[in-house]
Amino acid sequence: MSNTTLTADIIAKEAVAILDNECLMAGLVHRGYEDEFSKKVNGYTVGEVVSIRRPTDFTVRNGATAVIQDVVEGKTTFTVDKQKGVDFKFTSQDLTLQIGDLADRVIKPAMIQLANQIDRDVMALYKYVPNHVTIPSGGIDSFADFALAAKRMDLLAIPDDNRSAVLTPTDHWALLGSQTALYMQDVAKGAYRNAKVGMIGGIDTYMSRNYPSHTTGARTGTDLVDQALVDGTHTWATYKDATTVTLHIDGAASETAGYWKAGDTFTISDVYDVNPVTKAQLPHLKMFTMMADGTTAATNEGDATIWPPLILSGAQQTCYLVSGTEINDNTVTYQGVASTAYDQNLFFHKNAFGLVMVPMVAPPGATDVGRRTYKGLSVRVIPYYDGTNDVSNWRLDVLYGTKVIDPRLAVRASLAADI
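Below: a short report on this structure. (Residues numbered from 1 in each chain as written. Predicted model: local features only at pLDDT ≥ 70, side-chain atom pairs only at ≥ 80, totals over all residues. Heavy atoms only, no water.)

**Here we look at the side chain of Asp119**
Consideration 1: Along the chain, the position of Asp119 falls in helix H2 (residues 99-123).
Consideration 2: Buried within the structure, Asp119 lacks any salt-bridge partner; Arg120 is the closest side chain of opposite charge, at an N-O distance of 8.1 Å. (Helix = DSSP H or I, 4+ residues; strand = E, 2+ residues; numbered from the N terminus. Buried < 20%, exposed > 50% of the residue type's maximum accessible area, 1.4 Å probe, protein only. Lys, Arg positive; Asp, Glu negative; His and termini not counted. Salt bridge = Lys/Arg side-chain N within 4 Å of Asp/Glu carboxyl O.)

Laid out in structure tokens, this is it:
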């Protein structure tokens, strides 16, 4: 039987199925915001935005007298700003192959590259997660080490369902070597391509080669908060739509570029974490993350861009001050050694991060555009003829956005000092 000449639509259909097969993070994070984008028949372009709501909290009344609370929801934006693609040439002979043959030779290698890129972009959101636990020397080589992050998730009232952990290869194999007898059957069941370990303590656990590594800032001073922060300085009404807060710090090294790096985590003395539901004080200091790189001034001080805000009371309380009435001259202690790289393991609930992938626009003048969507993943394939060199070029594109939806629902785990 003669082969049918393959078209852009056939190739797009095969490509999107392979992409779904190869993506790890796409199946572990929230995907519902695709429905928020209007259904454009002709697709989407880079930079299109939707607004999404942030969760609100309430306090519990004591007694029979009603205490009416305003429903104050914050909002943020979700932008599809990442256009990634792979380009290649097909000969006329290639296009007469069976689709399975062409998939193995060309399409699958291209989709593996795109899948890995999507995974890297989702995992790069680690830097916006303030919650961080320290793994002892040797890495996650025991259940007790693994449980450090799991315990923190419980203390932070992160929902028990839809929990995932994505480990670095080093920590994955260290854990596997120590726990083989307990869950080898689950390991055997997991697909090799996505390195699924199985359920550990109610957490669906995977290994990824796309793990992020964080290099800390220069941080060579004895840093102190230089700001009279009292109850009411930071409020939910002020920061419900914000994504950053400014914290003024002094005692730092003078005029140091990269003194703070986006993703650096730190604590402030006497400022403890609270259970986000009950607002009860937790046994560990509140953790904050730097949201942007920062440089100090000649006066040994600077403005650090951080998250979350220091809200000391109310329904959106984030932390508890155990002594005094203001946070000024309190010591800032950083996670890890300065100017050092740390591999990041991620423990998270599905709703901590979001991924949106939308169909791309069919550009005017393109006569043969293949677009396919499968399980929320969308691929566009366009062939175009290079008359100068007398060859047929093909481009394969995806358009997506990533976002931290609720950083309270995630915990980072890495080897580090100080905390």
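**A closer look at empty space enclosed by the protein**
Any space left empty among the atoms is revealed by the rolling of a water-sized probe across them.
Consideration 1: A complete count under the given rule lists one cavity of 30 Å³ or more for this structure.
Consideration 2: The computed volume of the largest cavity comes to approximately 60 Å³.
Consideration 3: Residue lining of the largest cavity: 12 residues in total, with His132, His214, Thr216, Thr265 and Gln335 positioned closest to the centre.
Consideration 4: For the lining of the largest cavity, the per-class residue count stands at two nonpolar, eight polar and two charged. (1 Å grid on protein atoms, 1.4 Å probe; cavity = no way out; pocket = protein on both sides within 12 Å on 5 of 7 lines; lining within 4 Å. Points joined across faces, edges and corners; volume = space filled by probe spheres on them. Nonpolar A, V, L, I, M, F, W, Y, C, P; charged D, E, K, R; others polar.)

**Some remarks on the pattern of salt bridges**
Consideration 1: Going through the model one piece at a time under the given rule, you end up with 15 salt bridges.
Consideration 2: Among the ionic contacts, a cluster of salt bridges with common partners joins Asp154, Asp160 and Arg163.

**Quick word on the packing of aromatic side chains**
Consideration 1: Applying the stated criterion across every chain, the model contains six aromatic pairs.
Consideration 2: Judged by centre distance (5.5 Å) and plane angle (25 degrees), the ring pair of Phe266 and Phe288 falls under stacked. With Phe266 in strand S12 (residues 265-274) and Phe288 in strand S13 (residues 281-290), this pair connects stretches of sequence that are 22 residues apart.
Consideration 3: On the basis of relative accessibility, which here comes to 0%, the residue Phe266 falls in the buried class. (Phe/Tyr/Trp six-rings, centres within 6.5 Å; stacked < 30°, edge-to-face > 60°.)

**Topic: helix H3 (residues 143-155)**
Consideration 1: A rise of 1.5 Å per residue sets the reference length of H3, with its 13 residues, at 18 Å; its end C-alpha atoms lie 18 Å apart and thus fit the reference within 8%.
Consideration 2: Of all the bends in H3, the largest measures some 30 degrees and sits at Ala149. (Expected span 1.5 Å × (residues − 1). Bend = angle between axes of the 7 residues up to and from the residue.)

**Side note on the nonpolar core**
Consideration 1: Core analysis: the largest hydrophobic core is formed by 67 residues, its most contacted members being Leu19, Met111, Phe347, Phe348 and Phe353.
Consideration 2: Here this core gets 11 residues from one element, more than from any other, and that element is H2.
Consideration 3: Setting aside its immediate chain neighbours within four residues, Leu19 contacts Met111, Leu114, Ala115, Ile118, Met357, Leu377, Val379 and Val398.
Consideration 4: Judged by nonpolar contacts, the second largest core, of 27 residues, contains Tyr239, Ala242, Ala252 and Cys319. (Core = buried A, V, L, I, M, F, W, Y, C linked by side-chain atoms within 4.5 Å. Contact = heavy atoms within 4.5 Å.)

**Describing the pairing of strand S7 (residues 203-207)**
Consideration 1: Among the five residues that make up S7, five are buried, leaving the element largely enclosed by the rest of the structure.
Consideration 2: A two-sided burial pattern is seen for S7, the buried positions comprising Ile203, Thr205 and Met207 on one face and Asp204 and Tyr206 on the other.
Consideration 3: Strand direction decides the pairing type here: strand S5 (residues 163-167) and S7, joined by four bridges, are parallel. Looking at S7, one finds that Leu167 is bridged to Met207. (Pairing = 2+ DSSP bridges.)

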